[in-house]
Amino acid sequence: MYLVTFRLAPGEYDEEFHELNDAIQAAAEDTEGYLGKRTWHASESEEVLVVYYWESLDALESFGAVSEHKRAKQRWTEWYDAYEVTVTEVVEAYGSGFGDDADPPA
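Residues numbered from 1 in each chain as written. Predicted model: local features only at pLDDT ≥ 70, side-chain atom pairs only at ≥ 80, totals over all residues. Heavy atoms only, no water.

Considering the pattern of salt bridges
In the structure shown here, the tally under the stated rule is 4 salt bridges. Between Arg 7 and Glu 47 there is a salt bridge whose closest N-O contact spans 2.9 Å. In this pair, Arg 7 is assigned in strand β1 (residues 2-10) and Glu 47 in the loop between β2 (34-41) and β3 (48-54), connecting sequence segments 40 residues apart. Here Glu 78 ties to Arg 75 by a salt bridge, and the two come within 2.7 Å at their closest N and O atoms. For Glu 78, a relative accessible area of 41% translates into the label partly exposed. Members of the salt-bridge network, linked through shared partners, are Arg 7, Glu 47 and Glu 84. (Salt bridge = Lys/Arg side-chain N within 4 Å of Asp/Glu carboxyl O. Helix = DSSP H or I, 4+ residues; strand = E, 2+ residues; numbered from the N terminus. Buried < 20%, exposed > 50% of the residue type's maximum accessible area, 1.4 Å probe, protein only.)

Some words on the packing of aromatic side chains
Counting across every chain of the model gives 9 aromatic pairs. Between the aromatic rings of Phe 6 and Tyr 83, the centroid separation amounts to 6.1 Å while the plane-to-plane angle is 55 degrees, which identifies the pairing as tilted. In this pair, Phe 6 sits in strand β1 while Tyr 83 sits in strand β4 (residues 80-89), placing the two residues 77 residues apart along the sequence. A relative accessible area of 16% places Phe 6 in the buried class. On the numbers, 6.0 Å between centres and 90 degrees between planes, the contact of Phe 17 with Tyr 80 is edge-to-face. Here Tyr 80 lies in strand β4 and Phe 17 lies in helix α1 (residues 15-30), a separation of 63 residues in the sequence. Each member of the pair, Phe 17 as well as Tyr 80, carries the same accessibility label: buried. Clustering of aromatic rings is evident, with ring pairs tying together Phe 6, Tyr 13, Phe 17, Trp 76, Trp 79, Tyr 80 and Tyr 83. (Phe/Tyr/Trp six-rings, centres within 6.5 Å; stacked < 30°, edge-to-face > 60°.)

Here it is in structure tokens:
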């Protein structure tokens, strides 16, 4: 499994941002190998952390080729004050007690 962590400092969102963001999420969900996502909001700032779960690098690369995703990457300065992306391979994951909130999200 691979995690893509998208850390962002939000800027001003407009209607076009929301339409594009919805299209990107739909494209991710339609990509074979997409396992889900989790979102956290920092309590001490406006920073947001979104973690996307992918079955393989091939699945992630397929999503990366989606035209809406490419367009959003080119226009990030319109909507974010800052961003950072980290791609991580999960070697092992375990735990207990989260039930329906266990990762990867269902």
